[in-house]
Amino acid sequence: MSLIDLAAVSYAYARGRNVLDGIDLRIEAGRNLGIVGESGSGKTTILRLLLGLAQPTSGQISFRDEPLDLRNRRFMRGFRRSVQAVFQDPYSSLDPRQKVADIVAEPLRSLKVDTDIEGAVARALASVDLPLDTASRYPHEFSGGQRQRIAIARAIVSQPELVLADEVVSALDLTTRIRIVDLLKTLSENTTLVLVSHDIGFVTLLCQDLIILERGRIVEQGPARDILSAPKHPYTRRLLDSTPRLPDFA
Ligand SMILES: Nc1ncnc2c1ncn2[C@@H]1O[C@H](COP(=O)(O)OP(=O)(O)OP(=O)(O)O)[C@@H](O)[C@H]1O
Ligand SMILES: [Mg+2]
């Protein structure tokens with residue numbers, strides 16, 4: 001089943017040139033997708049479009065085969081509950097004045113989800129392996145890796161079908177990275193992931209499918225296994241050469 005489709009999507013920031021150009025992309029339930037490319041290639045911009053935070057300059061985005069209509073509130077509420085995100089910097093992405101319980105509960109409150117909020121927060125914290133007393137504390141009391149777990153708990157509290165993650169491990173040390181990869185692997189048993197990274201090695205630990213972005217265009221697209229074993233584009237080969245070691249395939 002296709003969750004999100006992009007058809008001939010281009011995007012330009014105000015009065016600028018296209019930073020995304022003719023993107024065709026299908027995100028299927030149960031197949032994690034990695035988006036890889038150098039700095040400035042357009043990875044975060046694609047995520048903003050996938051999250052409904054920006055509208056394509058041309059082309060079409062659909063969610064479950066229906067056009068994504070940012071003005072249709074009912075449709076967008078369902079969409080936002082189904083598609084959540086985790087961002088790069090675990091220090092700036094959590095509001096320092098809010099207790100963890102309120103940070104994690106935020107999607108449920110803002111989406112007016114009719115549920116036992118306290119129970120849902122407790123389950124989300126448990127699934128990222130944080131103790132329940134985390135809920136009554138503040139973000140500054142936690143390490144980078146723990147903060148990223150809190151951000152992941154917030155992303156999964158509404159039981160989304162799709163979680164988008166933008167460079168979620170790049171600010172973390174190696175040991176913490178490995179733990180977060182393990183956690184994401186467990187989560188992906190129930191949720192489809194889209195992982196954005198400049199590090200092709202990281203995404204292939206978790207993703208079945210890959211796209212390679214170069215200056216706003218997809219230069220290579222397909223099963224991660226095929227791309228890693230026989231990269232067709234010189235840019236992909238360059239990215240692979242800058243990866244220290246090849247990981248196991250997802
Ligand atoms: N708010 C903005 N206004 C104008 N141009 C922008 C804006 N945000 C990004 N861009 C430009 O769009 C292009 C793609 O940026 P984007 O942030 O999507 O790249 P990225 O692949 O996520 O890079 P990085 O790996 O450094 O995070 C870049 O040329 C960037 O300068
Ligand atoms: Mg980025």
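The shown structure was predicted, so the numbers you read here are calculated from the model rather than taken from an experiment. (Residues numbered from 1 in each chain as written. Chains lettered and ligands numbered in written order. Predicted model: local features only at pLDDT ≥ 70, side-chain atom pairs only at ≥ 80, totals over all residues.)

A. Examining the pairing of strand β1 (residues 2-12) more closely. Sheet topology places β1 next to strand β2 (residues 18-28); seven bridges connect them, and they run antiparallel. Among the inter-strand pairings, S2 is bridged to a residue of β2, identified as E28. Relative to strand β4 (residues 58-63), β1 is paired through five bridges, and the arrangement is antiparallel. From the neighbouring strand, I4 faces β4, where its bridge partner is F63. (Pairing = 2+ DSSP bridges. Helix = DSSP H or I, 4+ residues; strand = E, 2+ residues; numbered from the N terminus.)

B. Structural view of the sheet that holds strand β3 (residues 33-37). Spatial ordering of the open sheet is given by β6-β7-β8-β3-β9-β10, a layout of six strands whose pairing is mixed. Two strands lie at the open edges of the sheet, namely β6 (83-86) and β10 (217-223), each paired on one side alone. Averaged over all neighbouring strand pairs, the angle between strand axes comes to 15°, with direction disregarded. In terms of strand pairing, β3 meets strand β9 (residues 209-214) through five bridges, oriented parallel. Note that in β9 the partner of V36 across the bridge is I212. Its contacts with the sheet place helix α9 (residues 234-241) against β3, β9 and β10, and it is angled at close to 105° to β9. (Axes fitted to C-alpha atoms, helices over the stretch in contact; angles between N-to-C directions. Contact = placed C-beta atoms within 7 Å.)

C. View of the nonpolar core. Among the nonpolar cores identified, the biggest contains 69 residues, and V104, A124, A153, V157, V163, L164 and V194 are the most heavily contacted of them. In terms of residue count, helix α5 (residues 144-156) provides more of this core than any other element does, six residues in total. Setting aside anything within four residues of it in sequence, one finds A153 in contact with V104, A124, L125, V128 and L130. (Core = buried A, V, L, I, M, F, W, Y, C linked by C-beta atoms within 7 Å. Buried ≥ 20, exposed ≤ 12 C-beta atoms within 10 Å, placed from the backbone.)

By themselves, these are just geometric observations and shouldn't be taken as functional.
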